[in-house]
Amino acid sequence: MNVQIKVETKTLQVPGARLHYEVRGAGPLLLMIPGAPADAGALAGLASVLADRYTVVTYDQRGLSRSTLTGPPADTDVAVFADDAHRLLAALGDEPAHVLGNSGGALTALALAARHPEQVRSLVVHEPPLPELLPDRDRWRAAFQDVGDTYRDHGAGAAMGKFIATVDGENAAPPAMPDPSQMPPEALEMMGRIQGNLDFFLSHVLLPVLRFTPDLDTLREARVPVVVGVGAASGDGVPALSARVLADRLGVEPLAFPGDHQGLALDAAACADIVHTELVRTA
């Protein structure tokens, strides 16, 4: 029997932006942060499955989809995104929250936990892209700079093709394109929003965010429990490589999740069980 999950939509004014966020369920607070250029819709399935156990809050990061800027577009790095997450948690209450970050949202989560550990009860980061931690970081810096240059010279379509190749890895099969006629209305709506995010993402987010280096010493000192997830079907792209290196640097075992970099969205039920088990274990 399918139970309709009530979704409460709210906004929060922060310096330079108005954040769109959604609240589902009841129980301990769980903040889930999507990676750009996606938005809260990418984690809606996972949020709905977990809403019987948690008060799940998802949101669009600033400048993306429904979290509109209140000033001119500007380069936006992880510190800015983490400050937004800090302000959102402060608006939600005084108790620390479980935090889950996916892809670029995992970088926001790592920075949040280092800067405001009193707000983070436990942390799950799924495939955080951290090229600055990789032994061949100069190679990846050049690859992402090429994505930015391609956007400038040839537009978003060509740039995103190169970007996806770095995420999935050189040997990965091209991602299967869904049939729009078979997609539910909310998925079609999200795809339209993501398309609308590409210019801001490629011109103001991609390169600043990928220069982020987590403060591993502070994370260790803060003693926030950290779970590092990697897709069981992920290959040799930056997020999967980064997850393994991050886990090693933090002294934890990487945890296998179903699927690849998109696993949280494509296999929400199985991923929800893993997330819940880890949050209970680390609480």
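Everything here concerns the structure above.
Heads up: these notes are all about the structure in this document. Numbering of residues starts from 1 in every chain and runs along the sequence as written. With the structure being a predicted model, the display of local features is reserved for residues of pLDDT at least 70 and the display and counting of side-chain atom pairs for 80 or more, all residues being used for whole-chain, interface and lining totals. Hydrogens and waters are ignored; side-chain quantities use all the structure's heavy atoms.

### Topic: the overall build of the protein chain
Think of it this way: any DSSP run of H or I at least four residues long counts as a helix, any run of E at least two long counts as a strand, and we number them from the N terminus. Counting its secondary structure elements, the protein chain contains ten helices and nine strands. Its C-alpha atoms give the protein chain a radius of gyration of 17 Å, near enough to 19 Å, the size a compact globule of 283 residues would have. The dimensions of the protein chain, computed from C-alpha atoms along their principal axes, are 50 × 45 × 40 Å. Scored against the burial criterion, the 283 residues of the protein chain give a buried share of 51%. Here, two residues are considered to be in contact whenever any of their heavy atoms come within 4.5 Å of each other. The contacts in the protein chain between residues at least 6 apart in sequence include a share of 74% that link residues at least 24 apart. Our radius of gyration is a C-alpha quantity, and the globule rule it is checked against amounts to 2.2 Å times the number of residues to the power 0.38. Working definition: with a 1.4 Å probe on protein chains only, accessible area under 20% of the residue-type maximum means buried, over 50% means exposed, and in between means partly exposed.

### A short note on the pairing of strand β1 (residues 7-14)
A strand pair is defined by DSSP finding two or more bridges across the two strands. With eight bridges connecting them, β1 and strand β2 (residues 17-25) associate as antiparallel partners. Along β2, the bridge assignment pairs valine 14 with alanine 17.

### A look at the packing of aromatic side chains
Pairing of aromatic rings covers Phe, Tyr and Trp, the last through its six-membered ring, and needs centres within 6.5 Å; plane angles under 30 degrees mean stacked, over 60 mean edge-to-face, and all others mean tilted. In the structure shown here, the tally under the stated rule is two aromatic pairs. Considering the side-chain rings of phenylalanine 144 and phenylalanine 163, the 6.5 Å spacing of their centres and the 55 degrees angle between planes classify their relative orientation as tilted. With phenylalanine 144 in helix α4 (residues 137-154) and phenylalanine 163 in helix α5 (residues 156-168), this pair connects stretches of sequence that are 19 residues apart. A residue is classified by how much of its surface remains accessible, and phenylalanine 163, at 13% relative accessible area, is buried. A centroid spacing of 5.3 Å and a plane angle of 75 degrees characterise the contact between phenylalanine 163 and phenylalanine 201, whose relative ring orientation is edge-to-face.

### What about the environment of leucine 264?
Turning to its location among the elements, leucine 264 is positioned in helix α9 (residues 263-266). With a relative accessible area of 2%, leucine 264 lands in the buried category. Sequence-distant contacts of leucine 264, defined by excluding residues within four places in its chain, comprise Leu43, Leu46, Leu100, Asn102, His126, Phe257 and Cys271.

### A word on the nonpolar core
Residue types Ala, Val, Leu, Ile, Met, Phe, Trp, Tyr and Cys, when buried and joined through side-chain atoms within 4.5 Å, form a set referred to as a nonpolar core. With 65 residues, the main nonpolar core has Leu123, Val125, Leu202 and Leu246 as its most contacted residues. Among all residues touching leucine 123, those that are not within four sequence positions of it are Val99, Ala109, Leu110, Ala113, Val224, Pro225, Val226 and Val227. One finds Met32, Leu43, Val124 and Ala272 within the second-largest nonpolar core, a separate group that totals 18 residues.

### Side note on the pattern of salt bridges
For this document, the term salt bridge refers to a Lys or Arg side-chain nitrogen within 4 Å of an Asp or Glu carboxyl oxygen. This structure, assessed with the given rule, holds 19 salt bridges. Aspartate 273 serves as the salt-bridge partner of arginine 53, at 3.7 Å between the closest nitrogen and oxygen. Taken together, the residues span a long stretch of sequence, with arginine 53 in the loop between α1 (44-50) and β4 (55-59) and aspartate 273 in helix α10 (residues 268-282) at a distance of 220 residues. Taking the relative accessible area as the measure of exposure, arginine 53 reaches 23% and is therefore partly exposed. With relative accessibility at 44%, the residue aspartate 273 sits in the partly exposed group.

### Side note on helix α3 (residues 104-115)
Between the first and last residue of a helix there are one fewer steps than residues, each counted as 1.5 Å, and that sum is the expected span. The end-to-end C-alpha distance of α3 is 17 Å, a good match for the 16 Å that twelve residues give at a rise of 1.5 Å each. Counting buried positions over the twelve residues of α3 gives eleven, a clear majority of the element.

### Describing helix α2 (residues 78-92)
Spanning 15 residues, α2 covers 21 Å between terminal C-alpha atoms, matching the ideal 21 Å at 1.5 Å per step. By the burial criterion, the buried members of α2 are Val78, Phe81, Ala82, Asp84, Ala85, Leu88 and Leu89. Viewed along the axis of α2, the buried residues span an arc of 155 degrees, placing them on a single side of the element. Two to three positions downstream of the cap, the backbone nitrogen of alanine 79 sits 3.3 Å from a side-chain oxygen, assigning the N-cap of α2 to aspartate 77. By construction, the arc corresponds to the directions joining the helix axis to the C-beta atoms. Two N or O atoms form a polar contact when they lie within 3.5 Å of each other; inside protein one atom must be a possible hydrogen donor and the other a possible acceptor, and for residues adjacent in sequence the pair counts only when both atoms belong to side chains.

### Things to note about the packing of α2 against α3
Where α2 meets α3, the axes come as close as 8 Å, and the angle between the chain directions of the two elements is 65 degrees. One element, α2, and the other, α3, form an angle in the roughly perpendicular class. Once α2 is placed against α3, the crossing between them reads as right-handed. On α3, the residues touching Val78, Ala79, Phe81, Ala82, Ala85, His86 and Leu89 of α2 are Leu107, Thr108, Ala111, Leu112 and Arg115. When its residues are assigned to classes, the contact of α2 with α3 shows nine nonpolar, two polar and one charged. In this analysis an axis means a line fitted to C-alpha atoms, helices contributing only their contacting stretch, and an angle means the value between N-to-C directions, from 0 to 180 degrees. Here the angle decides the label: under 35 degrees means roughly parallel, over 145 means roughly antiparallel, 65 to 115 means roughly perpendicular, and every other value means oblique. Two helices that cross are described as forming a left-handed crossing if the nearer one is turned anticlockwise from the farther one by less than a right angle, and a right-handed crossing if clockwise. Only Asp, Glu, Lys and Arg are considered charged in this grouping, and only Ala, Val, Leu, Ile, Met, Phe, Trp, Tyr, Cys and Pro are considered nonpolar; every other residue, Gly among them, is considered polar.

### Some thoughts on the side chain of aspartate 84
The residue aspartate 84 is located in helix α2 in this model. Assessed through its relative accessible area of 2%, aspartate 84 is described here as buried. Side-chain polar atoms of aspartate 84 contact the side chain of arginine 62, separated by 2.7 Å. Here aspartate 84 is in contact with Val14, Leu19 and Arg62, once residues within four sequence places are set aside.

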